[in-house]
Amino acid sequence: LRSITAYRGLETQAGFDQDGSPIGVATTLIYNTYHQFTQELRLSGTSHMLDWTVGGFYYNAKGVLLNTIDSGPTQFKTNDPVKTTSKSVFGHVVIHPVEGLNITAGIRYTDDRKTYQFTRYNLNNGPANPAQGPLNNLPLQVYAGDRVDYRIGVDYRFSPEVMAYAQFSTGYKGGGVNAKPFVAIQAVPFNPESIDSWEAGLKTDLADNHVRLNLAGFYMKYKNIVLVNAAGYPGGCLPTAVPLCANPDPNYYPLSALPFNAGDANIKGLELEADIRPVGGLSITGSLSYLDFKYTKLAVAALASGISLKDYPPLTPKWKASGGIAYTFEMQ
């Protein structure tokens, strides 16, 4: 039986000059606090043919966004607490039916809840200006959702030097509500992302453990991808608020920074890793990967943001490569 208890507290202070000039025409001051408590409890056991683990996890966090925005006509202060809880139970087993063969299965149930409250003041801590004031009258914004994820895999060791594996797994990232609305209509929700992933590979230690080569291939179905529209929508028209689009106000959604579900995509790729140790103390490492990302469906908000099926999101380069050389020696 293992218990893991953790606490984390964080305070951040920052500021930046939005206009880039030596005069404070448009500035933002940020002071945020965050506190997090987690508790995990696991019970594990083993036998000749079976290794198993069951357990539960609890997460409780509170963050507060205390920002001062002074950008010409847009001036306000925020006091926005966000509370998050996540509860889950899980089970994991590894079966060893014959020597060298392992069958792995796991399942997890998760229940998430996030609450958002928005408060606005003017720069003198008085009543907010008419544009931001309605945020104070919003009811508590709540995201709640649950999810079951699972994994099944198999691996076989042909020899002490060569092992092959294949697996299927699911995963998700929870949804929520836009945490930084400028006006009340921007306090909009977004749904969770989810993914189904297939992977197969080969892991080897060759040449009397002087050469390690690992190869993996994967295919993923990525659904409800969450992106952030940082530049607002053309004509000020928010796709999730269709009634407002009949009379769009181009000044109503400045720098909206709205998170939204952009659509679905398929991802496939290959990864190759090498670690070569020709002589004692010398290590030559390298890796090469290929990633093919293709949108299969786009939501209305994605089309309004100018995204097309030929685009791909940030941090998804087709090719990545790295290499290095290290030598270890003793100093007398």
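That block above? That's the structure.
This write-up is about the structure you can find in this document. Quick caveat: nothing in here was measured; it's all calculated off a predicted structure.

**A closer look at the overall build of the protein**
Link 1 in the chain: If you tally the helices and strands in the protein, you get one helix and 16 strands.
Link 2 in the chain: In terms of overall dimensions, the protein is more spread out than a globule: its C-alpha atoms have a radius of gyration of 25 Å, far above the 20 Å expected for 332 residues.
Link 3 in the chain: With the principal axes as the frame, the protein shows a C-alpha extent of 70 × 55 × 45 Å.
Link 4 in the chain: When each of the 332 residues of the protein is scored for burial, the buried share is 33%.

**Comments concerning the pattern of salt bridges**
Link 1 in the chain: Inspection of the entire model under this criterion finds nine salt bridges.
Link 2 in the chain: We note a salt bridge from aspartate 80 to arginine 120, for which the minimum N-O separation is 2.8 Å. Of this pair, aspartate 80 sits in strand β5 (residues 80-95) while arginine 120 sits in strand β7 (residues 120-121), and the two are 40 residues apart along the sequence.
Link 3 in the chain: Taking relative accessible area as the criterion, arginine 120 reaches 3% and is therefore assigned buried.
Link 4 in the chain: Between lysine 173 and glutamate 193 there is a salt bridge; the shortest N-O distance is 3.6 Å. Remark: glutamate 193 occurs in strand β12 (residues 193-206) and lysine 173 occurs in strand β9 (residues 162-173); sequence separation between them is 20 residues.
Link 5 in the chain: Looking at glutamate 193, the relative accessible area reads 6%, which means it is buried.

**Some words on the packing of aromatic side chains**
Link 1 in the chain: Throughout the structure, instances matching the rule amount to eight aromatic pairs.
Link 2 in the chain: Ring geometry for phenylalanine 76 and phenylalanine 182: centres 6.2 Å apart, planes at 85°, overall edge-to-face. A residue pair is termed long-range when its members are at least 10 positions apart, and phenylalanine 76 in strand β4 (residues 74-78) and phenylalanine 182 in the loop between β10 (176-177) and β11 (189-190) qualify at 106 residues.
Link 3 in the chain: The class for phenylalanine 76 is buried, based on a relative accessible area of 3%.
Link 4 in the chain: Ring pairs connect the aromatic residues Tyr150, Phe168, Trp198 and Tyr219, which therefore count as one cluster.

Conventions adopted
- Residues numbered from 1 in each chain as written.
- Predicted model: local features only at pLDDT ≥ 70, side-chain atom pairs only at ≥ 80, totals over all residues.
- Heavy atoms only, no water.
- Helix = DSSP H or I, 4+ residues; strand = E, 2+ residues; numbered from the N terminus.
- Rg over C-alpha atoms; globule rule 2.2 N^0.38 Å.
- Buried < 20%, exposed > 50% of the residue type's maximum accessible area, 1.4 Å probe, protein only.
- Salt bridge = Lys/Arg side-chain N within 4 Å of Asp/Glu carboxyl O.
- Phe/Tyr/Trp six-rings, centres within 6.5 Å; stacked < 30°, edge-to-face > 60°.

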